[in-house]
Amino acid sequence: MKWFSPADVARVAVFAALIAVLGLVPGVSLFGGLVPVTAQTLGVMLAGLILGSRRGALAVLVLLALVAVGLPLLAGGRGGLGVFTQPSAGFLIGWLPGAFVTGWIAERGGRSPSMVRLLVACLVGGIGVIYLCGIPVYAIFGDLTLGGAALFTLTFVPGDLAKAVLASWIARGVQRAYPGAIPTVHKRPRSGEEG
């Protein structure tokens, strides 16, 4: 297993801080919902797109660990273990695989993944995976059926789609400005193929 370089550690710390800073934007509860709409999922998408799967997930893990020990880094100044027993807990935990999947898809686009690939990465990882983790937990804590919880999360979709487009656009700009900054996965040639 390859260890993280000091530069990787610095990037992970910067993105954990970015996600925390996006928590300064107050969360908004739509239609009396128990789960607020926050800007922090934008940071989760950016972590996956720019840092890649492993580093992006690690940045989210660092943030969640800091939240668990009590730092008020979530929207609305929330922090502590109690946030993991609330209706939004599944969405928070979903940030981890969400950042990983977003990065995994983006990494396979080579040195300069297309805007479409970046957007698909955000839609699948930054929205789909997070919803898959969040909806069942929301259903349990909100005393709803899965269908009812899924129906309620439709209120998040327009904002999350806008965040996915914005994250893709920002990541594409970073690629153009710093081509070597975004990790890629190089395909190994199969036996009998030229490398």
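This report concerns the structure included in the present document.

### Things to note about the packing of helix 2 (residues 40–51) against helix 4 (residues 89–107)
- Axis separation between helix 2 and helix 4 bottoms out at 7 Å; the angle between their running directions is 40°. In terms of orientation, helix 2 lies oblique with respect to helix 4. Handedness of the crossing formed by helix 2 with helix 4: right-handed. Contacts between helix 2 and helix 4 involve Gln-40, Thr-41, Val-44, Met-45, Gly-48 and Leu-49 on the former and, on the latter, Trp-95, Ala-99, Thr-102, Gly-103 and Ala-106.
- The residue makeup of the contact of helix 2 with helix 4, split by class, is six nonpolar, five polar and no charged.

### Some thoughts on the packing of helix 5 (residues 115–141) against helix 7 (residues 157–177)
- Look at helix 5 against helix 7: their axes get within 9 Å of each other, and the N-to-C directions meet at 140°. When the interaxial angle is binned, helix 5 and helix 7 end up oblique. Crossing hand, helix 5 versus helix 7: right-handed. Contacts between helix 5 and helix 7 involve Met-115, Leu-118, Leu-119, Cys-122, Leu-123, Ile-127 and Tyr-131 on the former and, on the latter, Val-157, Asp-160, Leu-161, Ala-164, Val-165, Ala-167, Ser-168, Trp-169, Ala-171, Arg-172 and Gln-175.
- A per-class count over the contact of helix 5 with helix 7 returns 14 nonpolar, two polar and two charged.

Thresholds, definitions, all that
Residues numbered from 1 in each chain as written. Predicted model: local features only at pLDDT ≥ 70, side-chain atom pairs only at ≥ 80, totals over all residues. Heavy atoms only, no water. Axes fitted to C-alpha atoms, helices over the stretch in contact; angles between N-to-C directions. Helix = DSSP H or I, 4+ residues; strand = E, 2+ residues; numbered from the N terminus. Parallel < 35°, antiparallel > 145°, perpendicular 65-115°, else oblique. Left-handed = near helix turned anticlockwise from the far one by under 90°. Contact = heavy atoms within 4.5 Å. Nonpolar A, V, L, I, M, F, W, Y, C, P; charged D, E, K, R; others polar.

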